[in-house]
Amino acid sequence: MPRPPFAKRLLDWYGKAQRDLPWRHQRDPWAIWVSEIMLQQTRVDVVRRHYPEFLARFPGPADLAQATDDELLAAWRGLGYYRRAKLLREGAQAVVTTHKGRVPNTLKGLMELPGVGEYTAGAIASIAFGRAVTAVDGNVERVAARHRAIEGNVKRQPAAQQIREVVEGWLPDQQPGDFNQALMELGAVICTPRTPSCQHCPVADDCEARARDATDEFPQLPQRRRAVDLVSRAVLVPVSRGRVLAMRIPDDEVNAGQIDLPGPGVLEAIDSPGDLQGALERRFGVQFRIGGVVTTVLHSITHHRIRLIVHQAECSRGPGPNLMAVRPDDARLPWTTTARKAFSQAALFLAARE
């Protein structure tokens, strides 16, 4: 008996095995767009926790278009890579001003929106509007590269084009959105980067990498940059009525627009408290008296593993042009992850100072 087409085998499996994820319960293009942006470089379990609340806060493009920076960044808290949130807002603003508040229903229209690339546009167009277009992400690249044993760096030509042609050949005219999601699902839960579960794969029978016993050789990816260990420092400066001194991160630094503990910058290595004092005085124009260590925070960002040492400190004067006195527990403020970790670990110190 002839083997069923790739798409049929995959869709039959997806219909039975797909995970129950909140963004799969609807075809609203805005809701799908939000989910796709959140899922970029963020684990599904993290997105699953934050997605419903964000969508309830911003149920349509017009709602996000008018959000302030603080409202946006506070709502995005915990998802990381905050530039995605700002690009999503820019895209929402373009929908409001250019498309009368309605998300475009064509691939071309979607790709003209800020922050929407070829993959995101393909996902929205196929899932929300039933357009027969591909959506090739890292999971899809891995499935295609293994199934067809595609040689070469999948992020560059000609391998990238080969993968696109393979996926386009698989794409059915009916249920293109389900097919794209099924292909991503296969890469996420079966055809995983390490130790894929080939015995449970619905399309394993004609997988070339499996036939060669070479699944670990595909896909071929560029070598990753090694993470750099970095020691950074900041200060915790309590002021009156349970408030602490904080800074707004400038636009040209990592985590721009968020609120952080006073410091030279989370990616600035500082060797000693004396160096920290000088850096703070240059940055803020006021004198700090640096005390002992309150807590140490471990965090990863971009290609760095950071050990942030937080010192208690006093300041020669109160808030100025670059400092503000705020409450650490103010949920409206977009505190950085490192600051929130520091507050959690230094709770007893803060309570003693109130």
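Everything that follows concerns the structure shown earlier in this document.
Residues numbered from 1 in each chain as written. Predicted model: local features only at pLDDT ≥ 70, side-chain atom pairs only at ≥ 80, totals over all residues. Heavy atoms only, no water.

Draft legend 1. A look at the packing of aromatic side chains. For the coordinates displayed, the defined rule picks out eight aromatic pairs. Pairing Phe6 with Trp170 gives two aromatic rings, centres 3.7 Å apart and planes at 0°, and the pair type is stacked. Here Phe6 is found in helix 1 (residues 6-17), whereas its partner Trp170 is found in helix 10 (residues 159-170), with 164 residues between them in sequence. Across the pair, exposure class does not vary: Phe6 and Trp170 are buried alike. A centroid spacing of 5.5 Å and a plane angle of 80° characterise the contact between Phe54 and Trp76, whose relative ring orientation is edge-to-face. Of the two residues, Phe54 is situated in helix 3 (residues 44-57) and Trp76 in the loop between helix 5 (69-75) and helix 6 (83-98); the sequence distance between them amounts to 22 residues. Across this residue pair, the class does not change: Phe54 and Trp76 are buried. (Phe/Tyr/Trp six-rings, centres within 6.5 Å; stacked < 30°, edge-to-face > 60°. Helix = DSSP H or I, 4+ residues; strand = E, 2+ residues; numbered from the N terminus. Buried < 20%, exposed > 50% of the residue type's maximum accessible area, 1.4 Å probe, protein only.)

Draft legend 2. Highlighting empty space enclosed by the protein. Under the counting rule described, the total for this entry stands at three cavities of 30 Å³ or more. In this model, the largest cavity occupies a volume close to 120 Å³. Considering every element that reaches the lining of the largest cavity, the biggest residue donor is helix 9 (residues 138-147), with three residues. Class assignment for the residues of the lining of the largest cavity results in 10 nonpolar, three polar and two charged. Considering only enclosed or pocket space, the second largest cavity measures out at about 70 Å³ in volume. Lining of the second largest cavity is provided by Ser232, Arg233, Ala234, Met247, Asp260, Leu261, Gly263, Pro264, Gly265, Val266, Leu308 and Thr338. A total of three residues in the lining of the second largest cavity trace back to one element, the largest contributor, which is strand 1 (residues 228-236). (1 Å grid on protein atoms, 1.4 Å probe; cavity = no way out; pocket = protein on both sides within 12 Å on 5 of 7 lines; lining within 4 Å. Points joined across faces, edges and corners; volume = space filled by probe spheres on them. Nonpolar A, V, L, I, M, F, W, Y, C, P; charged D, E, K, R; others polar.)

Draft legend 3. Quick peek at the pattern of salt bridges. Tallying each qualifying case throughout the model produces 18 salt bridges. The partner of Asp45 in a salt bridge is Arg43, and the shortest N-O contact between them spans 3.3 Å. By relative accessible area, which is 37% here, Asp45 ends up partly exposed. Among the residues examined, Arg43 registers a relative accessible area of 55% and is labelled exposed. With a shortest N-O distance of 2.4 Å, Arg248 and Asp70 are connected by a salt bridge. Note that Arg248 is positioned in strand 2 (residues 244-248) and Asp70 in helix 5, a separation of 178 residues in sequence. We classify Asp70 as partly exposed; its relative accessible area is 21%. What emerges from the salt-bridge pattern is a single network uniting Arg19, Arg24 and Glu185. (Salt bridge = Lys/Arg side-chain N within 4 Å of Asp/Glu carboxyl O.)

Draft legend 4. Spatial organisation of the pairing of strand 4 (residues 288-301). Pairing of strand 4 with strand 5 (residues 304-315), which is carried by 11 bridges, proceeds in the antiparallel orientation. Its bridge partner lying in strand 5, Ile301 is registered against His304. Hairpin connection, strand 4 to strand 5: the antiparallel pair is bridged by two residues, and Thr302 has positive phi, about 45°. (Pairing = 2+ DSSP bridges.)

Draft legend 5. Summary view of helix 11 (residues 176-189). With 14 residues, helix 11 extends 20 Å between its outermost C-alpha atoms, agreeing within 8% with the 20 Å of an ideal straight helix rising 1.5 Å per residue. Taken together, the buried positions of helix 11 are Pro176, Gly177, Phe179, Asn180, Gln181, Ala182, Leu183, Met184, Glu185, Leu186 and Gly187. Here the buried face of helix 11 lies against helix 1, helix 8 (118-129), helix 9 and helix 10. (Expected span 1.5 Å × (residues − 1). Contact = heavy atoms within 4.5 Å.)

Draft legend 6. Representation of the layout of surface pockets in the model. Reported here for the second largest pocket is a volume of approximately 250 Å³. As for the second largest pocket, its lining consists of His50, Glu53, Phe54, Arg57, Asp70, Glu71, Ala74, Ala75, Arg77, Ala331 and Arg332. Taken together, the elements giving at least two residues each to the lining of the second largest pocket come down to helix 3 and helix 5. Each residue belonging to the lining of the second largest pocket can be placed in one class, and the counts come to four nonpolar, one polar and six charged.

Draft legend 7. Spatial organisation of the side chain of Ser35. Within the fold, Ser35 resides in helix 2 (residues 29-39). Separated by 2.7 Å, the side chain of Ser35 and the backbone oxygen of Ile32 make a polar contact. Beyond its immediate sequence surroundings of up to four residues, Ser35 is in contact with Trp23 and Tyr51. (Polar contact = N/O pair within 3.5 Å; in protein donor to acceptor, adjacent residues only side chain to side chain.)

Draft legend 8. Main features of the side chain of Arg146. By the secondary structure assignment, Arg146 is in helix 9. Look at Arg146: it is buried, it has no salt bridge, and the nearest opposite charge is Asp216 at 7.6 Å. Not counting residues up to four positions away in its chain, the partners in contact with Arg146 are Cys191, Thr192, Pro193, Pro196, Cys207, Glu208, Ala209, Thr215, Phe218 and Pro219. (Lys, Arg positive; Asp, Glu negative; His and termini not counted.)

Draft legend 9. Region of the structure containing helix 14 (residues 337-345). Along helix 14, the residues classified as buried are Thr338, Ala339, Ala342 and Phe343. The buried residues of helix 14 occupy an angular sector of 135° when the element is viewed end-on, so they sit on one face. (Arc of directions from axis to C-beta.)

Draft legend 10. Local environment of the sheet that holds strand 5. The mixed open sheet is built from three strands, whose spatial order is 1-5-4. Strands at the two margins of the open sheet, each flanked by one partner only, are strand 1 and strand 4. Neighbour-to-neighbour, the strand axes of this sheet turn through a mean angle of 20°, independent of strand direction. On top of the sheet, helix 13 (residues 273-284) reaches strand 1, strand 4 and strand 5; it is set at about 90° to strand 4, its chief contact. (Axes fitted to C-alpha atoms, helices over the stretch in contact; angles between N-to-C directions.)

Draft legend 11. Looking closely at the state of the cysteines. The full count for this structure, using the stated rule, is zero disulfides. As a non-bridged cysteine, Cys198 has Cys207 as the owner of its nearest cysteine sulfur, 6.3 Å distant. (Disulfide = S-S within 2.5 Å.)

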